[in-house]
Amino acid sequence: MTEKKIFTKILVGVDDSADSQLAFKYAIKRARLEDAELYIVSVLESDDRSVYEALSKDFIHGERAQLVEHVNEYVQQAHEAGVENVFPVIAEGDPGKEIVNTVIPSIKPEVLIVGSLAKKGPKKYLGSQTAYMAKYAPISVLVVR
């Protein structure tokens, strides 16, 4: 009897946070183990810009180009770690909503892997991107801490 793969497509959300790095490392291990395709997504957040930056096509193009370069570094790391099929994904907008409403339906992965640091104090009661994705994603969400 042949063993069936659990995941054929894995989507991992990345940024520069420590929890995101843990999620990325786990996603690499899982993709290698499952011989799965690995999609690495990062979202260019539009609400972090001033009104002048938002109106400047040169600013947005430069910001997007930096993000593309950064995600391609993640792709290279995954290749070096032994994952054969790795694909960069760049989106723009609110990260949680963009991943749930646009990226997941487009790629159709079986699992989304994201990081989440345990918050302390009043911040633990506020919503987060990870909580949004875990609640609304139509697929399994693995939260790495």
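Residues numbered from 1 in each chain as written. Predicted model: local features only at pLDDT ≥ 70, side-chain atom pairs only at ≥ 80, totals over all residues. Heavy atoms only, no water.

Caption draft 1: Expanded view of the nonpolar core. If you look at the biggest cluster of nonpolar residues, it comprises 23 residues, and the most contacted ones within it are Ile-10, Val-12, Phe-24, Leu-38, Ile-40, Ala-78 and Ile-113. Those elements that provide at least two residues to this core are β1 (9-13), α1 (18-34), β2 (37-44), α3 (57-80) and β4 (111-115). Among residues more than four places away in sequence, those in contact with Leu-38 are Ile-10, Val-12, Ala-27, Ile-28, Ala-31, Ala-78, Val-83, Asn-85, Val-86 and Phe-87. If you look at the next biggest cluster of nonpolar residues, it comprises 16 residues, including Val-43, Val-89, Ala-91 and Leu-112. (Core = buried A, V, L, I, M, F, W, Y, C linked by side-chain atoms within 4.5 Å. Buried < 20%, exposed > 50% of the residue type's maximum accessible area, 1.4 Å probe, protein only. Helix = DSSP H or I, 4+ residues; strand = E, 2+ residues; numbered from the N terminus. Contact = heavy atoms within 4.5 Å.)

Caption draft 2: Just a negative patch on the surface, in detail. Negative charge collects at one region of the surface, where Asp-15, Asp-16, Glu-45 and Asp-94 lie side by side. Mapped onto the secondary structure, Asp-16 falls in the loop between β1 and α1. (Patch = residues over 30% accessible without salt bridge, like charges linked within 9 Å, V, L, I, M, F, W, Y side chains within 5 Å. Areas by Shrake-Rupley, 256 points an atom, 1.4 Å probe, with all protein chains shown as cover. Salt bridge = Lys/Arg side-chain N within 4 Å of Asp/Glu carboxyl O. Lys, Arg positive; Asp, Glu negative; His and termini not counted. Charge placed at Lys NZ, Arg CZ, Asp CG, Glu CD.)

Caption draft 3: Up close: the pairing of β2. For β2, a buried count of 7 out of 8 residues is recorded, marking the element as mostly surrounded by other parts of the structure. Summarising the sheet, β1 and β2 pair through 5 bridges and their orientation is parallel. Directly across from Gly-13, in β2, lies its bridge partner Val-41. The β-α-β motif built from β1, the intervening α1 and the parallel element β2 has right-handed crossover chirality. (Pairing = 2+ DSSP bridges. Right-handed = clockwise from strand over helix to strand, strands pointing away.)

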